[in-house]
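Now for the letters of each chain:
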Amino acid sequence: MSMLLLMTNAEAAKTLSLVAWVVTFFIALNIGVFLYTVIRNKIAEKKNPSESGTNPAVNHALLNYSEENNAPGVFQKAKDTTPKWSLGLTDLSNPERAFSASGKGEYLVGRKAQNDICIPDDGYVSGVHCKFEKENDTVYVTDMESSNGTKVNGTKIKEKTALAENDIVRIGKVEYKVTF
């Protein structure tokens, strides 16, 4: 105790700073070990769910229980109920230049690579230009506030517009025949 009384304010501040740093380090280390364990267990569950050794009640909170196969302890991710369909865009002036996408409920079209259909070689196409979606057996196109707009059969659209098979959609400076 007499040693603490002999410390200057600067020395006491350094000591407290060091203690705070050590405590913070150990807290961070424990959090890291906890996260590592959780991630490792999730990976083990994916590889072999029957041998993961984790609590099924916890799994039930994280995943939807599969009532369909009535197997105890079998868990599956929630199913996507969006109807899947295929979209084709064929360049009218060059039919060999065609784009397609399938397996989703909606498709984004634009110049950026993360779109479902990427049209990188047309400077008139916006990053995310338009969206195609299907609702109740009807396919719609919506302009995504693109710089140059989207046209359907020669008419510039301002809202979600229904399409028929083989309609002509102008995206950027190119007209495409739409198939689905």
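Residues numbered from 1 in each chain as written. Predicted model: local features only at pLDDT ≥ 70, side-chain atom pairs only at ≥ 80, totals over all residues. Heavy atoms only, no water.

Colleague: Help me understand the overall build of the chain, please; the structure alone is not making it clear to me.
Modeller: On a plain count of helices and strands, the chain comes out with three helices and 13 strands. Taking all 180 residues of the chain together, the buried fraction comes to 26%. Restricting to contacts in the chain with at least 6 residues of sequence separation, those with at least 24 account for 27%. (Helix = DSSP H or I, 4+ residues; strand = E, 2+ residues; numbered from the N terminus. Buried < 20%, exposed > 50% of the residue type's maximum accessible area, 1.4 Å probe, protein only. Contact = heavy atoms within 4.5 Å.)

Colleague: Explain the packing of aromatic side chains here, please?
Modeller: The geometry of two aromatic rings is summed up by the distance between their centres and the angle between their planes. Here the structure, examined in full by the defined rule, presents five aromatic pairs. A centroid spacing of 5.4 Å and a plane angle of 75° characterise the contact between F25 and F26, whose relative ring orientation is edge-to-face. For F25, a relative accessible area of 41% puts it in the partly exposed group. When its relative accessible area of 44% is taken as the criterion, F26 is described as partly exposed. Seen from their ring centres, W85 and Y107 are 5.0 Å apart, and the 75° between their planes marks the pair as edge-to-face. (Phe/Tyr/Trp six-rings, centres within 6.5 Å; stacked < 30°, edge-to-face > 60°.)

Colleague: Quick question: what am I supposed to make of the pattern of salt bridges here?
Modeller: As a working rule, side chains carrying opposite charge can pair if their charged atoms are close by. Taken as a whole and judged by the stated rule, the model has six salt bridges. In this structure, K160 engages E135 in a salt bridge whose closest nitrogen and oxygen atoms are separated by 2.5 Å. In this pair, K160 sits in the loop between β10 (155–156) and β11 (161–163) while E135 sits in strand β7 (residues 130–135), placing the two residues 25 residues apart along the sequence. Through salt bridges with shared partners, one network takes in K131, E133, E135 and K160. (Salt bridge = Lys/Arg side-chain N within 4 Å of Asp/Glu carboxyl O.)

Colleague: Help me understand the side chain of D143 in this model?
Modeller: Checked against the element boundaries, D143 lands in strand β8 (residues 138–143). Despite being buried, D143 has no salt bridge partner; K156 is the closest side chain of opposite charge, sitting 7.0 Å away. Only 3.2 Å separates the side chain of D143 from the backbone nitrogen of E145, close enough to count as a polar contact. Here T150 takes part through its side chain, which lies 2.6 Å from a polar atom of the side chain of D143. Once residues lying within four places of it in the same chain are set aside, the contact partners of D143 are H129, C130, G149, T150 and I157. (Lys, Arg positive; Asp, Glu negative; His and termini not counted. Polar contact = N/O pair within 3.5 Å; in protein donor to acceptor, adjacent residues only side chain to side chain.)

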